[in-house]
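Residues per chain, in single letters:
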Amino acid sequence: MMVKQHMLFTLYSICGIVLKDILAVSVAATKNKLRGAQGQFPIVQNMTVTEGGIVNLTCRVEHNDNTSLQWSNPAQQTLFFGDKKALRDNRIELVRATSQELTISISEVTLADEGMYTCSLFTMPVKTAKAFLTVLGMPKKPEINGLTKPVMEGDQITLTCVTSGSKPAADVRWFKNEKEVKGAKEVNASGKTFTVKSSLQLQVNRHDDGVAYTCRVDHMALTATHEETTQVLEVHYAPYVEIKHSIPAPLEGQYLKLECVPHGNPSPDPVLWTKDGGELPDLDRVIVEGRELTFMALNKTDNGTYRCEATNHLGTSHAEYKLVVKDPNALPGPPDHALIGGIVAVVVFATLCLIIVLGRYLARHKGTYLTNEAKGADDAPDADTAIINADGNHAHAEEKKEYFI
């Protein structure tokens, strides 16, 4: 009996030691797992994608002990738990699933996909990281409204450019033949997207005929280019006329061409030539071909006022050219430059000679204009004595004269 009790006691002691060791090992393992879990954090980043595009969402863990990773959408629906797909959406696919990474892709992205996505690491406790997915709305091709063709000169029109579907709101700009002009901008929200309008008011004149107005849309979703639409104005206006001539001063016998150049829309064609209010004379020698009036050999009978008249449905205009044919023999010849030069040289020479003669004359008479008092003033006590002395010394005056050559 005593032996049995001793054996039981020994068995209980051994079991207690084994259980104690197992418990110690289990506690240590749990502590190590918790210690390792404290160093595990999921890493994600925010993403931006254009509507209709494809985007990858990646969750990474630097150190992982095979703990599972999970992606959830903004509605907190599980997309993937490890490599197991949880949501039936053909647009969402698994790219990579390891103990340290879970990457999924979303194709044909819509605006509804925008929001906060969550990556969960199932440690104790569960750790999460959030990534915001931004979806850019692609602006639609702009439309230009308010243009009717044709536009009449003097009309006031308003061109309106409209683009919708952009997120954020697009930038709309106007260009007139590639030169930017300012329009009035208006932005309206429509759900998650925006409709942008820009208006341009114009007072139309004939110079606007053929001018291209372009509406250009810029947006961050348009990375490589921009969307634009162009409209070309067609302006109808009354004609105006000018006459061009082939030579400036017509002479008898010369060839002369007069060209009537009408400007107008619709084009005023044909034109009408008249002379002095009547018909053109001598049509055998004066040729009318389209808008051109040609004189093969001018004579003085061609003198007169020639008129070109152009008409369209908006009005009539004319221009006049006064033709004066001159006789080439009656015209003064060109100036004789040699003769003119000779005359100038003679005049200059004569002037120089006159100056020399006058100078010599003035030099010869220098010092001879002395009064009688001055001639005898050296030895005379008064003026009367000086005159007497001057008369006495007259004989010696020739000896005191100075001559200059």
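Along each chain, residues carry numbers from 1 onward, in the same order as the chain's sequence is written. With the structure being a predicted model, the display of local features is reserved for residues of pLDDT at least 70 and the display and counting of side-chain atom pairs for 80 or more, all residues being used for whole-chain, interface and lining totals. As a rule here, side-chain values come from all non-hydrogen atoms in the structure, and water together with hydrogens is ignored.

Considerations on the overall build of the protein
- Put simply, DSSP H or I for four residues or longer makes a helix, DSSP E for two residues or longer makes a strand, and each gets a number counted from the N terminus. Tallying secondary structure elements over the protein gives four helices and 25 strands in all.
- In this scheme, a residue with accessible area under 20% of its type's maximum is buried, one over 50% is exposed, and one in between is partly exposed, where area comes from a 1.4 Å probe on protein chains only. Sorting the 405 residues of the protein into buried and exposed places 31% on the buried side.
- Only heavy atoms matter for contacts: two residues are in contact if any of them lie within 4.5 Å across the pair. Partitioning the intrachain contacts of the protein with sequence separation of at least 6 by distance along the chain shows that 60% fall at a separation of at least 24.

A few points about the state of the cysteines
- The disulfide criterion is simple: two cysteine sulfur atoms within 2.5 Å. Applying the stated criterion across every chain yields a total of three disulfides.
- Across a sulfur-sulfur distance of 1.9 Å, Cys59 and Cys119 are joined as a disulfide pair. Here Cys59 and Cys119 share a disulfide; its torsion about the S-S bond, -80°, makes the bridge left-handed. Of the two residues, Cys59 sits in strand S2 (residues 55-60) while Cys119 sits in strand S8 (residues 115-121), which places them 60 residues apart along the sequence. Cys119 carries the same exposure label as Cys59, and that label is buried.
- Cys260 shares a disulfide with Cys308; S-S distance 1.7 Å.

Some remarks on the packing of aromatic side chains
- Classification of ring pairs uses Phe, Tyr and Trp, with its six-membered ring standing for Trp, and accepts pairs whose centres are within 6.5 Å; under 30 degrees between planes counts as stacked, over 60 as edge-to-face, and the remaining range as tilted. Tallied over the full model, the rule gives two aromatic pairs.
- Here Phe295 and Tyr306 contribute two aromatic rings whose centre-to-centre distance is 5.3 Å and whose plane-to-plane angle is 85°, an arrangement assigned as edge-to-face. Placement of the pair is Phe295 in strand S23 (residues 292-295) and Tyr306 in strand S24 (residues 304-312), with a sequence separation of 11 residues.
- Taking relative accessible area as the criterion, Phe295 reaches 0% and is therefore assigned buried.
- Here Tyr306 falls in the buried class, since its relative accessible area comes to 1%.
- Cation placement over rings: the criterion is NZ of Lys or CZ of Arg within 6 Å of the ring centroid and within 35° of the ring normal. Above the face of the Phe41 ring, Lys127 is positioned so that its terminal group lies 4.1 Å from the ring centre.
- For the cation-ring pair, Arg216 lies above Phe175, with the distance from its terminal atom to the ring centre recorded as 4.2 Å.

Observations regarding the pairing of S23
- Strand pairing is assigned whenever DSSP detects at least two bridges linking the two strands. Where strand S20 (residues 256-265) and S23 come together, four bridges link them in antiparallel fashion. The partner of Glu259 across the bridge, within S23, is Glu292.
- Examined bridge by bridge, strand S22 (residues 286-289) and S23 share four bridges and lie antiparallel to one another. The partner of Ile287 across the bridge, within S23, is Thr294.
- Between S22 and the antiparallel strand that follows it, S23, lie two residues; Gly290 among them carries a positive phi value of about 65°.

Examining the nonpolar core
- We define the nonpolar core as a collection of buried residues of types Ala, Val, Leu, Ile, Met, Phe, Trp, Tyr and Cys that are connected through side-chain atoms lying within 4.5 Å of one another. With 21 residues, the main nonpolar core has Leu69, Trp71, Ile104, Ile106 and Tyr117 as its most contacted residues.
- Of all the elements in the fold, those that place two or more residues in this core are S2, strand S3 (69-72), strand S4 (78-81), strand S7 (101-106), S8 and strand S9 (127-136).

Overview of the sheet that holds strand S6 (residues 92-97)
- Pairing is antiparallel in the open sheet, where three strands are placed in the order S2-S7-S6. The outermost strands of the open sheet, each flanked by one partner alone, are S2 and S6. Direction aside, neighbouring strands of the sheet carry axes that sit 20° apart on average.
- Pairing of S2 with S7, which is carried by six bridges, proceeds in the antiparallel orientation. Following the sheet pairing, Val55 is matched in S7 by Ile106. Between N-to-C directions, angles cover 0 to 180 degrees, with each direction set by a line fitted to C-alpha atoms, over the stretch in contact for helices.

A few points about the sheet that holds strand S12 (residues 156-166)
- Strand order in the open sheet formed by four strands is S10-S12-S16-S15, and the pairing between neighbours is antiparallel. Pairing within the sheet leaves two strands with one partner each, and these edge strands are strand S10 (143-145) and strand S15 (184-190). Taking each pair of neighbouring strands and ignoring which way they run, the sheet shows an average axis angle of 20°.

Remarks on a nonpolar patch on the surface
- Exposure above 30% relative accessible area and no salt bridge define the residues that can form patches, which grow by joining like charges within 9 Å and nonpolar side chains of Val, Leu, Ile, Met, Phe, Trp and Tyr within 5 Å. Where accessible areas are quoted, they stem from the Shrake-Rupley method and a 1.4 Å probe; at the residue level, only the protein chains shown are allowed to cover. By definition here, a salt bridge exists when the distance from a side-chain nitrogen of Lys or Arg to a carboxyl oxygen of Asp or Glu is within 4 Å. Judged by side-chain polarity, Ile340, Val344, Val348, Leu352 and Ile355 come together as a nonpolar surface patch covering roughly 450 Å² of accessible area.
- Within the secondary structure, Ile355 sits in helix H2 (residues 337-364).
- The exposure class of Ile355 is exposed, given its relative accessible area of 53%.

Structural notes on the side chain of Lys127
- Position of Lys127 relative to the elements: it lies in strand S9.
- Lys127 gets classed as buried once you look at its relative accessible area, which sits at 16%.
- Here the side chain of Lys127 touches Gln40 through a polar contact of 3.0 Å, landing on its backbone oxygen. Residues adjacent in sequence count toward polar contacts only when both atoms are side-chain atoms; beyond that, a polar contact is any pair of N or O atoms within 3.5 Å, and within protein one must be able to donate a hydrogen and the other to accept it.

Overview of the pairing of S12
- Pairing between S10 and S12: three bridges, direction antiparallel. When the bridges of S12 are listed, Glu143 appears paired with Val162.
- As paired elements, S12 and strand S16 (residues 193-203) share nine bridges and run antiparallel to each other. When the sheet's bridge partners are listed, Gln156 is paired in S16 with Gln203.

Focus on the environment of Ser317
- Within the element layout of this structure, Ser317 appears in strand S25 (residues 315-323).
- Between the C-alpha atom of Ser317 and that of Pro239, which follows or precedes it by 78 residues, the distance is 5.9 Å.
- Ignoring anything within four residues of it in the chain, the contact list for Ser317 reads Pro239, Tyr240, Val241, Cys308, Glu309 and Ala310.

Digging into unusual backbone geometry
- Here the amide bond leading from Met124 into Pro125 is cis, since omega sits at 0°, within 30 degrees of zero.
- Relative to the helices and strands, Pro125 is located in the loop between S8 and S9.
- Between Asn265 and the following residue, Pro266, the backbone shows a cis peptide bond with an omega angle of 5°.
- Positionally, Pro266 belongs in the loop between S20 and strand S21 (272-275).
- Notably, Gln76 is not glycine yet its phi reads approximately 65°, a positive angle.

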